[in-house]
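# Coordinates in review
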Amino acid sequence: MSSRDAILQAVRQNRPDPVPRPPTPLFASPDEGLTTAFVEAQKRAGGTVVSTTADAIATLLDARFPDARVIASTAGDIVAGSMDLHAVADPHELADLDLLVCRGVVGVAENGAIWIPKAHLGHRAALFIAQHLAIVLDANALVWNLHDAYARIDVAEDSFGVFVAGPSKTADIEQSLVIGAHGPRSLTVFLLTE
Amino acid sequence: MRVALFVPCYIDQLYPAVARATLEVLERQGCTVSVPLGQTCCGQPMANAGFEAGSVGTMQRFVDLFADFNYIVAPSGSCVAHVREHYKRLPQNDAVQHVRARTMELCEFLTDVLGVEQLDARFPHRVGLHESCHGLRGLRLASSSELQVPRFSKVQRLLELVDGLELVPLDRADECCGFGGTFAVTEEALSVKMGRDRLRDHVAHGAEIITATDMSCLMHLGGLARRQQMPVQIRHVAEILRGEDG
Amino acid sequence: MSTPLPEIPLPVIDHAAAAARFVADEARTNWHDASLWQVRQKRDRAAQAVPEWEALRDLASKIKAHTLSRLDEYLAQFEEQATANGIQVHWAKDAAEHNQIVHAILARHGVQRLVKSKSMLTEECGLNPYLEAQGIEVVDTDLGERIVQLAGEGPSHIVMPAIHVKKEEIGALFHEKIGTPAGEADPGRLTEAARQHLRAHFLSADAALTGVNFAIAETGGFVVCTNEGNADLGVHLTPVHIASMGIEKIIPAAEHLGVFLRLLARSATGQDLTVYTSHFHRPRQGQELHVVLVDNGRSAHLGRADFRDALKCIRCGACINTCPIYRRSGGHSYGSTVPGPIGSILTPGIDLKKYQHLPFASTLCGSCGDVCPVKIDIPGQLYRWRQLVTEEGHAGRSKRRVMAVAGQIFRNPRLFRWAGKLGRRLLRWLPQRAVYHQRNVWGRARDLPEPPRQSFLEWYAAHRSDNANKKGHDQ
Ligand code: SF4
């Protein structure tokens, strides 16, 4: 018998009597305070939220990252970027990426997470290899909790998708929090309020 | 209401004053209390050591002895939790089910059955409450710090009814003292370390007396404190609810 | 004809001895305890912020119970969907088959350098030494795992692998292995050095291996959670991604992710969510994506009605952080891949004899059960494993004898009173030297109570017994 069949047979033999599948509620969301909660959650996670308008972002980025030379942007209508992600064949070429700017789809107020599918990344690696990350998010794309977020996205639509909640970090040395583990050293969220 | 007093074996042998205090507290609340003299042990020490099978005779004896009472009250959360949870091992006839449901820890009985709102007791000391684990999480005598439920403690509420008593806050509200039955001996080093850590918390907050629902925890803590000559005494909660000059 | 070889007994894990060695360094024990208690407190604050916390735990537990009751169907569904997504699905009965499958994939691609993100399953399977023996370089990329790998140790915690190591020791290790300045012990600078060191490995790796936090039957995808971004950096750069998962990681549908993810990070570290929650459904263009489904004792465990709930575990580590024993004895004292309370209910299922002491490395305080986000009755399982240890004949002879005597005494009230009286008298009469003999383990660090002259029942019989119910007297 193949291992597959042996495992499945053993599981079938040993599984308990059927237990019904419980419904998953969305749980109550507060009517207001979404933005405040989101900003607070990002702060807890080490990110920074800037409420702004689309046309102000390029200037804000210049001020925040004056030394960034290699900038990739998948939000071309907002920030031009210095390189074309589509022209990159091998993600290893992104090793010196200073900044990635991309759009988020849904933001989650309870934990600051932002959903980004592969389509918004150009290369999957870009989001992790960049030294810094900036995400543009519509304020009306905020939801309260993860249940709500999963109700709005289709996780299988794209080949890859990720919830990002803050800059990369670690506390593996004596529980001291250090921002900038392997991925981006900072996360800036531009929250479009109009 | 026929109430029986069950006295855990080690309290009977080593701490008779605790049993007498329990009897007195119950009688002062107007209970007529019987003490079946043939009682021995609930079987917990053996069962927790992995010998539940060998303790079935002890369990059955407990049931036979107490099945006729409306309530069986014991000054020990640990023994009561054992009766309630692990007497599932016995065939679940009416007697066993009755005894499992009606065996109660003292503070639980005073709170849930008698609805005690007043105690005629005075105990003018700074007291640290050790929430013994089996009472805490086995009987839910208080909300454990892990659960996100409204905070309550039946033991603390009763202690607050005692005149002159001042409860001290603790850094760790419900950390285990490290007694753990045979654990105290098989894992001696850890048991001692855990006990000393608890003592330090109580002493650092100025407790003169440490109290608990379980004398086993207190025997361990008190033995450690005495050996190290720490300025803290142990007192079972029944001795405090009875009042100092009872 | 060959003479039978003498039986070589496998070592039995002696938790008490290891714990005693750990506790002997009191300052370090206090430091270890405080680090973990701090994580427990963060978890408390995070849980408090979620009004429906207890409802979520309940729901998570029920979803897992449901899933386990149809595990075969969900596994088959996952395989079908994942295959349709272009993922190559493999099945491994045990650790050896898992390692062979992984090696075969790597060999086919001529892989020499593998980067690996955290996976307790590969620890369980002993993958690293297996691959290294085949000449493949394996680099663990989670910072904590890299630290213990460089130190030549195993992780001491399932979420914080290097929680037992001090920053000065990490500094010395990094100085020796990756050339940081001597005496450097600043966590920020050490982390930066590790970032540079590991980035080179990410960029030069030929394949990446990750664990799996959740696999979704309905969509045929899986989710990997990290804070550092190391899993993603590995897999998005290499042409081969292998994801190894235990068969219990399946959940029915994407809607269940919301439930488990809201609990996982909060329970684990007190964060609201891990920084990266990555959802993989199809391979990157030009990449191969493999999932290895591993049984290794799990289907057998499913058949143990008293213990199967342990398969609900989402490996958050909260029971470990809260455990007063673990905090004061360290992860290595358990001698198993998964330490702490969850380890003590899982490992006896793998080898009851070897791990017979682990169910006793507990006071049954119950904190683990109350903290567990999927509501596994860990203390109840510890209690039941204890009974099995005895039933299978692993309890020592002296313990068995003591318990047999106790069983006799407690069944017979007259004997009980006689033994009690004798004991109290002995305590009073014996010289201190005898009572506090080294072999009297209770008395080495603790005073015994003053033995009273009269037991309570003796007092009661003398003074009050006319009121008493005589039932059971002197039976
Ligand atoms: S048993 Fe529960 S608390 Fe422990 S690691 Fe598993 S899920 Fe977390």
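Keep in mind that this is a model prediction, so the values were computed, not measured.

Here we come to the side chain of C:N85. Tracing the chain through its elements places C:N85 in the loop between α4 (71-84) and β1 (88-92). Those residues in contact with C:N85, other than ones at most four positions away along the chain, are C:T219, C:G220, C:G221, C:H281, C:R282 and C:P283.

Residues and elements named next belong to chain C. Residues in contact with the ligand, as listed here, are C313, I314, R315, C316, G317, C319, I342, C372, P373, V374, I376 and I378. According to the grid-proximity analysis, the pocket containing the ligand is the second largest cavity. Grouping the amino acids of the shell around the ligand by side-chain chemistry returns 10 nonpolar, 1 polar and 1 charged.

All names here are of chain C. The final tally for this structure, using the stated rule, is 7 cavities of 30 Å³ or more. As for the largest cavity, its lining consists of 17 residues, and the residues nearest its centre are C323, P341, S362, C368 and L382. Only α15 (324-329), α16 (340-350), α17 (367-371) and α18 (378-391) provide two or more residues apiece to the lining of the largest cavity. If you tally residues by element for the lining of the largest cavity, the top one is α16, at 3 residues.

This structure, assessed with the given rule, holds 63 salt bridges over all chains. As a salt-bridge pair, B:R137 and B:E146 come within 3.0 Å of each other at their nearest N and O atoms. This pair shows no difference in class: B:R137 is buried, exactly as B:E146 is. When the shortest N-O distance is used, the salt bridge between C:R327 and C:D33 registers 2.8 Å. Of the two residues, C:R327 sits in helix α15 while C:D33 sits in helix α2 (residues 26-48), which places them 294 residues apart along the sequence. Under the relative-accessibility criterion, C:R327 is labelled buried at 0%.

Residues and elements named next belong to chain B. Taken together, the 4 strands give an open sheet; going across it, the order is β6-β5-β7-β8, and neighbouring strands pair in parallel fashion. Edge positions in the sheet fall to β6 (166-167) and β8 (233-236), since each has one partner strand and no second. Where strand β5 (residues 126-129) lies against β6, 2 bridges are found, and the strand directions are parallel. Looking across to β6, one finds that V127 is bridged to L167. Lying on the sheet, helix α12 (residues 215-227) is in contact with β7 (209-212) and β8; it crosses β8 at an angle near 170°.

To continue, consider the domain arrangement of chain B. All names here are of chain B. In terms of domain boundaries, chain B breaks down into domain 1 (3-113) and domain 2 (126-242). On a C-alpha basis, the centres of domain 1 and domain 2 stand 21 Å from each other. Taken together, the contact pairs 28 residues of domain 1 with 20 residues of domain 2. At the junction of domain 1 and domain 2, the tally comes to 1 salt bridge. Among the salt bridges present, the one from D112 reaches K154, with a minimum N-O distance of 2.7 Å.

Where the model shows low pLDDT, its predicted coordinates should not be examined in detail. The share of residues in chain B with pLDDT of 70 or more is 99%, and the mean pLDDT across the chain is 95. Of the two predicted TM-score estimates for the complex, the pTM is 0.95 and the ipTM is 0.98.

Calculation rules
Residues numbered from 1 in each chain as written. Chains lettered and ligands numbered in written order. Predicted model: local features only at pLDDT ≥ 70, side-chain atom pairs only at ≥ 80, totals over all residues. Heavy atoms only, no water. Helix = DSSP H or I, 4+ residues; strand = E, 2+ residues; numbered from the N terminus. Contact = heavy atoms within 4.5 Å. Near = heavy atom within 4 Å. 1 Å grid on protein atoms, 1.4 Å probe; cavity = no way out; pocket = protein on both sides within 12 Å on 5 of 7 lines; lining within 4 Å. Sits in = over half its atoms within 2 Å of the grid points. Nonpolar A, V, L, I, M, F, W, Y, C, P; charged D, E, K, R; others polar. Points joined across faces, edges and corners; volume = space filled by probe spheres on them. Salt bridge = Lys/Arg side-chain N within 4 Å of Asp/Glu carboxyl O. Buried < 20%, exposed > 50% of the residue type's maximum accessible area, 1.4 Å probe, protein only. Pairing = 2+ DSSP bridges. Axes fitted to C-alpha atoms, helices over the stretch in contact; angles between N-to-C directions. Domains from an automatic or database assignment. pLDDT = per-residue confidence, 0-100.

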